[in-house]
Every structure is written in structure tokens, then in C-alpha cells.
Amino acid sequence: AQSVTQLDSQVPVFEEAPVELRCNYSSSVSVYLFWYVQYPNQGLQLLLKYLSGSTLVKGINGFEAEFNKSQTSFHLRKPSVHISDTAEYFCAVSGGTGRRALTFGSGTRLQVQP
Amino acid sequence: NAGVTQTPKFRILKIGQSMTLQCTQDMNHNYMYWYRQDPGMGLKLIYYSVGAGITDKGEVPNGYNVSRSTTEDFPLRLELAAPSQTSVYFCASSGRQGEVSNQPQHFGDGTRLSIL
């Protein structure tokens with residue numbers, strides 16, 4: 001069984017400040033990790049993914065995440081946020097076998113203030 | 001690029017009515033999924049399919065049915081709508097034949113369903 005914990009339900013931050021959205025997972029098998037973003041009334045859009053290789057993963061819109069196997073974490077970071085980054089962010093894990101379905105965290109709402 | 005298309009975008013049903021949520025993808029993906037998203041929650045897997053003719057239950061399948069007669073289409077059926085099925089429903093797809101495992105899923109824009 002797998003699970004994903006997003007430790008913060010809401011993260012308020014001022015424009016141009018750095019931000020970190022935290023994600024921890026548990027799994028008994030090797031995992032593949034994803035961050036998705038959801039803008040209001042839209043579907044989920046892939047930000048970045050970790051499948052293998054380098055533990056520092058760069059995604060779209062200036063976001064990056066670091067896979068830490070020992071701490072079972074996959075935190076999302078951006079050095080300088082914009083108003084347009086205001087959205088819901090979901091961390092997800094897939095165990096790589098059979099159905100390949102995603103297990104999602106409960107989401108973190110990033111609120112960028114001017 | 002159409003990607004994953006869901007219809008309708010919005011629907012209001014009365015308790016006990018039935019309906020089918022449509023999902024189609026044009027990326028020749030083998031894997032397709034239905035999730036529901038409730039307020040303040042992540043997405044929960046309802047049903048999935050690993051290819052035409054093959055479907056299986058996810059975490060929350062009760063009250064739903066699916067079919068996969070073609071690679072492109074994966075409709076979700078609610079037979080007797082209940083208030084607990086009020087939610088936003090997302091269809092997703094991933095993975096072509098021969099690809100390495102766990103390619104990212106592509107999502108539709110969702111169907112907002114209210115049961116009154």
C-alpha cells in the first residue's frame with residue numbers, strides 16, 4: 001500500500017518570495033513521484049516527475065523538486081513565485097506495477113499575495 | 001491537440017437517476033483511469049483500465065460501472081445517483097505500448113456533478 005502526505009493544506013506567500021511545498025510518501029516498493037498543479041475549474045497539469053536518475057528534478061514554470069529516499073520526501077520548490085502560481089498543488093506516487101494508478105496527497109493551496 | 005476530452009462539463013441529477021460520463025483520448029494510450037475529487041481532498045481512484053476489454057476496480061468503485069470497448073473511450077456509468085456521488089470527476093490516460101512504465105498521466109478538464 002502507498003500513501004502520500006502533504007503537510008500543509010495552505011501556504012500563503014508574497015510575490016517574488018521563495019516557496020517550498022512539502023510532500024512525504026510511504027511505499028513498500030520503488031516509487032515514481034509526480035507533482036501536478038490544478039488551476040481553478042481546470043484539470044491537473046503535470047509540473048514535474050521523478051522516474052529514476054538524478055534526484056533533483058526540474059519542471060515547468062521554474063519549479064523543481066528533490067527526491068530524498070532516506071527521508072521519503074519529494075518537496076517542491078520555487079525560488080521566486082508569481083501571482084499566476086496561485087493554484088492547488090498535488091503530490092502523487094505510483095508504485096510502478098500493474099495498474100500504474102496514482103495515489104494523491106490531499107493537496108496544498110498556494111496563495112501568492114502582491 | 002485534443003488530449004483527454006470529458007463530457008459533459010457540468011450536470012445536475014436527481015437522486016435515483018442514471019447517467020454516463022464520457023471520456024475519450026486521442027493519444028493511443030493503453031491505460032485509462034477515473035478519479036473523483038471531493039473538496040479538500042486529493043483524487044481517489046474509482047476504476048481503471050489497462051487496455052481495451054480490461055477493467056478493474058480502484059479504491060472507491062461502489063455505485064459506478066465502466067466499460068472499455070475501444071482504446072479511445074472509457075465511459076463511467078452511475079446507475080442510481082446518490083448525494084454522496086456529488087463530486088468532480090476526472091478521467092486520465094497514460095502509456096503507449098512499449099513505453100517504460102509510469103509515464104505521466106494526462107487529465108481531462110473534469111465533470112462537475114451534483115446530485116440533488
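Residues numbered from 1 in each chain as written. Chains lettered and ligands numbered in written order. Predicted model: local features only at pLDDT ≥ 70, side-chain atom pairs only at ≥ 80, totals over all residues. Heavy atoms only, no water.

Describing the sheet that holds strand β8 (residues 76–78) of chain B
All names here are of chain B.
- Pairing is antiparallel in the open sheet, where four strands are placed in the order β1-β3-β8-β7. Each having just a single partner strand, β1 (4–7) and β7 (64–66) make up the two edges of the open sheet. Sheet twist, expressed as the average angle between the axes of neighbouring strands with direction ignored, equals 20°. (Pairing = 2+ DSSP bridges. Helix = DSSP H or I, 4+ residues; strand = E, 2+ residues; numbered from the N terminus. Axes fitted to C-alpha atoms, helices over the stretch in contact; angles between N-to-C directions.)

A few points about the pattern of salt bridges
Residue and element names in this part refer to chain A.
- Going through the model one piece at a time under the given rule, you end up with seven salt bridges over all chains.
- Between E64 and K58 there is a salt bridge; the shortest N-O distance is 2.8 Å.
- The closest approach of N and O atoms between E66 and R77, which form a salt bridge, is 3.7 Å. Residue E66 is located in strand β8 (residues 64–68), and its partner R77 is located in strand β9 (residues 73–78); the two are separated by eleven residues in the primary sequence. (Salt bridge = Lys/Arg side-chain N within 4 Å of Asp/Glu carboxyl O.)

Some remarks on the nonpolar core
- Counting 28 residues, the largest nonpolar core has A:W35, A:L48, A:L76 and A:Y89 as the members making the most contacts within it.
- Elements supplying a minimum of two residues to this core: β2 (10–14), β3 (19–21), β5 (32–38), β6 (44–50), β8, β9, β10 (87–94) and β12 (108–113) of chain A.
- Looking at this core element by element, the count peaks at four residues for β10(A).
- If you look at the next biggest cluster of nonpolar residues, it comprises 20 residues, including B:M27, B:M32, B:W34 and B:L78. (Core = buried A, V, L, I, M, F, W, Y, C linked by side-chain atoms within 4.5 Å. Buried < 20%, exposed > 50% of the residue type's maximum accessible area, 1.4 Å probe, protein only.)

What to know about the side chain of B:H29
All names here are of chain B.
- Looking at where H29 falls in the secondary structure, it is placed in the loop between β3 (19–25) and β4 (31–37).
- Polar contacts involving the side chain of H29 include one to the side chain of S93, which spans 2.8 Å.
- In this view, H29 contacts R68, T71, S93, S94, G95, R96 and H106; residues no more than four positions away in its chain are not counted. (Polar contact = N/O pair within 3.5 Å; in protein donor to acceptor, adjacent residues only side chain to side chain. Contact = heavy atoms within 4.5 Å.)

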